[in-house]
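Chain residues, written in single-letter form:
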Amino acid sequence: MEAAGEGLEDMDVNQPLNSPVYDASREESTTQRKRKRHNSWDPLMNSLKVSAEIIGAEIREALNTFNRVFVTESNREELRNNLSAEMNKVVGLTTRERNKAVCKLAQNEELMVVFFKVDDDRRLGWVKNMLEDTA
């Protein structure tokens, strides 16, 4: 059987256990075991580090996606809340056309976003065309 770090043939059985030579041998053996243990952990620590970096990157990407969706959704909620007031600013629409346009835009968020991007002086024509196209 082999002692940790050294073989029986390497041990001097004639040395007393409390001798300086024995203590130095023990310290050297302990240092070798610690170094061996430390070296065996290096690949594991590197693997854990790489895994943590990958997980961190995934979390950052998920957070960015969540923020984009949340900001987009909150922006759309704000647009929906302002839709009726903005539609009231379009001069030349009947009450029926105005109500129909609000309903159509509220149901189609892409169209609603476009409506808010159309210049004020072009909105009347844009709304009338939208109502004709979806009729």
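Residues numbered from 1 in each chain as written. Predicted model: local features only at pLDDT ≥ 70, side-chain atom pairs only at ≥ 80, totals over all residues. Heavy atoms only, no water.

1. Describing the confidence of the model for the protein chain
Argument step 1. Residues with a pLDDT of 70 or more make up 63% of the protein chain, whose mean pLDDT is 78.
Argument step 2. Of the regions scoring below 50 in pLDDT, residues 1–5 engages in 5 contacts with residues more than four places distant in sequence or in other chains. (pLDDT = per-residue confidence, 0-100. Contact = heavy atoms within 4.5 Å.)

2. Looking at the environment of Ala 85
Argument step 1. Residue placement: Ala 85 occurs in helix α1 (residues 20–88).
Argument step 2. Note: C-alpha distance between Ala 85 and Val 102 (17 residues apart in sequence) is 9.8 Å. (Helix = DSSP H or I, 4+ residues; strand = E, 2+ residues; numbered from the N terminus.)

3. Observations concerning a nonpolar patch on the surface
Argument step 1. The grouping of Trp 41, Leu 44, Met 45 and Leu 48 at the surface amounts to a nonpolar patch, some 410 Å² of accessible area in total.
Argument step 2. Examined against the element boundaries, Leu 48 turns out to sit in helix α1. (Patch = residues over 30% accessible without salt bridge, like charges linked within 9 Å, V, L, I, M, F, W, Y side chains within 5 Å. Areas by Shrake-Rupley, 256 points an atom, 1.4 Å probe, with all protein chains shown as cover. Salt bridge = Lys/Arg side-chain N within 4 Å of Asp/Glu carboxyl O.)

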